[in-house]
Amino acid sequence: MKVTRITTYRVPPRWMFLKMETDEGVVGWGEPVVEGRARTVEAAVHELSELVVGKNPAHINDIWQTLYRGGFYRGGAVFMSAIAGIDQALWDIKGKVLGAPVYELLGGRVRDRMKTYCWVGGDRPADIIAQMKERLAHGFDTFKLNGCEEMSIIGTSKAVDAAVAKVAQIREAFGNTVEFGLDFHGRVSAPMAKVLVKELEPFRPLFIEEPVLAEQAEHYPRIAAQTSIPIAAGERMYSRFEFKHVLERGGISIIQPDLSHAGGITECVKIAAMAEAYDVALAPHCPLGPIALASCLHVDFVSWNATLQEQSMGIHYNKGGEVLDYMLNKDALTLDDGGYALPFKGPGLGIEVNEALVIERSRDPGDWRNPLWRHPDGSVAEW
Ligand SMILES: O=C(O)C(=O)C[C@@H](O)[C@H](O)CO
Ligand SMILES: [Mg+2]
């Protein structure tokens, strides 16, 4: 069998799907994207496709190594997201050829179902209680919200109080009948992370995510030393070679590699195993579409240390497109009571893509960009 063509489709809300065709008619799908840089990743996919078209798609490991090591420059969000989407499609094809879900090809399941969580509150956390109540009614009990709005490198007591008040209202409304992670989203500097973590400790969030930017990862052990709240990060780390430094330094309790940013299934299975050796939990990042989410779940089902899976249904970014829109077999990603995802039954990734809708919506995909925030003094603020 040989790969004959790779086609990319940018679609609303801010995703991109990759279709990989073969000379035997088997088709695989992937979801390479960097949110806000879809066109850049698209160009990278088509540059890298020179190393894939004409190759046997069964040779996933050799293709992955060729894509990674074949270029002198490597790593980073764009290249590793392009590799991720290609890798996902290769696994999809392999599963379809062998008639097995990807998790079976990876040694079989270690769990019967996978706990997921959903977002509430939007970019500037608001309406949290009502949104939690609505999702509780649908069986979800685990959530994530942004931990704060813009935060100056030395933030005000008022800004700290505003962040704490949001969390206090959750505990006041629900006690400990709900769990929630706080995503600092890289908005907070090292000095302020110390302040916020201390003030939030009494409310016992499930985890604090990106308490500082990934490029400030040397602060994770220092922040972890002052709090019992688990520290989570990983959506902006793109390979084993980045995660190894974080795991060696310590301080991280949960890693969150993104299956569409960190090299795909081949790479993230290895990252998950590395984390297990350090007794670190896995909670893949996934604010994206169905193929990305399916790729995460296949890794979750074979990773003992997988603990929580992010999924984007109802997330504030999904204007113009939702996770299940692009699927023909929507029941494959229906989350049961408690927000659990069940193992895929179909071969490959288990997603039957609604190709007609993908093509139709790719005609007007939009060009999502993340907001550009500024502090009151006019300086750029981390979004
Ligand atoms: O889901 C998360 O944890 C996020 O931090 C969302 C962020 O990754 C946006 O998707 C970037 O555009
Ligand atoms: Mg995040």
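Quick caveat: nothing in here was measured; it's all calculated off a predicted structure. (Residues numbered from 1 in each chain as written. Chains lettered and ligands numbered in written order. Predicted model: local features only at pLDDT ≥ 70, side-chain atom pairs only at ≥ 80, totals over all residues. Heavy atoms only, no water.)

## A word on the coordination of the magnesium ion (ligand 2)
The expected angle between donors at a tetrahedral four-coordinate metal is 109.5 degrees. At an octahedral six-coordinate metal it is 90 or 180 degrees.
Stage number 1. Around the magnesium ion (ligand 2), the protein supplies Asp-183 (OD), Glu-209 (OE) and Glu-235 (OE) as donor atoms, at distances of 2.0 to 2.2 Å.
Stage number 2. Donor residues for the magnesium ion (ligand 2), ordered by position in the chain, follow D-x25-E-x25-E. Here Glu-209 is found in strand β7 (residues 207-209), whereas its partner Glu-235 is found in the loop between β8 (231-233) and α9 (240-249), with 26 residues between them in sequence. This pair shows no difference in class: Glu-209 is buried, exactly as Glu-235 is. (Donors = N, O, S within 2.8 Å, 3.2 Å for Na, K, Ca; no water. Helix = DSSP H or I, 4+ residues; strand = E, 2+ residues; numbered from the N terminus. Buried < 20%, exposed > 50% of the residue type's maximum accessible area, 1.4 Å probe, protein only.)

## Things to note about a nonpolar patch on the surface
Stage number 1. A cluster of nonpolar side chains, contributed by Phe-72, Tyr-73 and Phe-79, occupies part of the molecular surface with about 420 Å² of accessible area.
Stage number 2. The topology assignment puts Phe-79 in helix α3 (residues 76-98). (Patch = residues over 30% accessible without salt bridge, like charges linked within 9 Å, V, L, I, M, F, W, Y side chains within 5 Å. Areas by Shrake-Rupley, 256 points an atom, 1.4 Å probe, with all protein chains shown as cover. Salt bridge = Lys/Arg side-chain N within 4 Å of Asp/Glu carboxyl O.)

## Remarks on the UniProt feature "site: Transition state stabilizer" (unreviewed entry) in the protein chain
Stage number 1. According to UniProt, the "site: Transition state stabilizer" (unreviewed entry) feature falls on Glu-310.
Stage number 2. Looking at where Glu-310 falls in the secondary structure, it is placed in strand β11 (residues 309-310).
Stage number 3. In this structure Glu-310 comes out as buried when scored by relative accessible area, which is 1%.
Stage number 4. When sequence neighbours within four positions are dropped, the list of residues in contact with Glu-310 reads Tyr-117, Trp-119, Lys-144, Pro-284, His-285, Cys-286, Pro-287 and Leu-293.
Stage number 5. Of the polar contacts made by the side chain of Glu-310, one reaches the side chain of Trp-119; its length is 2.6 Å. (UniProt positions renumbered as here; feature names shortened; annotations may be inferred. Contact = heavy atoms within 4.5 Å. Polar contact = N/O pair within 3.5 Å; in protein donor to acceptor, adjacent residues only side chain to side chain.)

## Some thoughts on the pairing of strand β1 (residues 3-11)
Stage number 1. Among the 9 residues that make up β1, 7 are buried, leaving the element largely enclosed by the rest of the structure.
Stage number 2. Hairpin geometry of β1 and strand β2 (residues 15-22) is characterised by an intervening segment of 3 residues between the two adjacent antiparallel strands. (Pairing = 2+ DSSP bridges.)

## Things to note about α9
Stage number 1. Along α9, the residues that are buried comprise Arg-240, Phe-243, Val-246 and Leu-247. Looking down the long axis of α9, one finds its buried residues gathered within 125° of arc, a one-sided arrangement. (Arc of directions from axis to C-beta.)

## Looking at the site of ligand 1
Stage number 1. With respect to spatial proximity, 14 residues lie near ligand 1, and among them Arg-14, Glu-35, Lys-144, Glu-235 and Glu-310 are the closest.
Stage number 2. Between ligand 1 and the protein, one listed contact pairs an oxygen atom with a side-chain N or O atom of Trp-119 at 3.4 Å.
Stage number 3. Alone, ligand 1 offers 330 Å² of accessible surface; in the complex the protein occludes 93% of this.
Stage number 4. Classifying every residue of the shell around ligand 1 gives 5 nonpolar, 2 polar and 7 charged. (Near = heavy atom within 4 Å. Nonpolar A, V, L, I, M, F, W, Y, C, P; charged D, E, K, R; others polar.)

## Regarding the packing of aromatic side chains
Aromatic rings considered in pairs are described by the distance between their centres and by the relative angle of their planes.
Stage number 1. Per the counting criterion, the structure on display carries 12 aromatic pairs.
Stage number 2. Seen from their ring centres, Trp-15 and Phe-17 are 6.4 Å apart, and the 50° between their planes marks the pair as tilted.
Stage number 3. Taking relative accessible area as the criterion, Trp-15 reaches 1% and is therefore assigned buried.
Stage number 4. For the ring pair Tyr-317 and Trp-383, a centre distance of 5.9 Å and an interplane angle of 65° mean the geometry is edge-to-face. Here the residue Tyr-317 occupies a position in the loop between β11 and β12 (340-341), and Trp-383 occupies one in the segment after β14 (380-381), the gap between them amounting to 66 residues.
Stage number 5. On the basis of relative accessible area, Trp-383 is assigned to the buried category, the value being 16%.
Stage number 6. A cation sits over an aromatic face here: Arg-113 above Tyr-340, 3.5 Å from the ring centre.
Stage number 7. Here the basic side chain of Arg-124 rests over the ring of Trp-373, its NZ or CZ set 4.1 Å away from the ring centre. (Phe/Tyr/Trp six-rings, centres within 6.5 Å; stacked < 30°, edge-to-face > 60°. Lys NZ or Arg CZ within 6 Å of the ring centre and 35° of its normal.)

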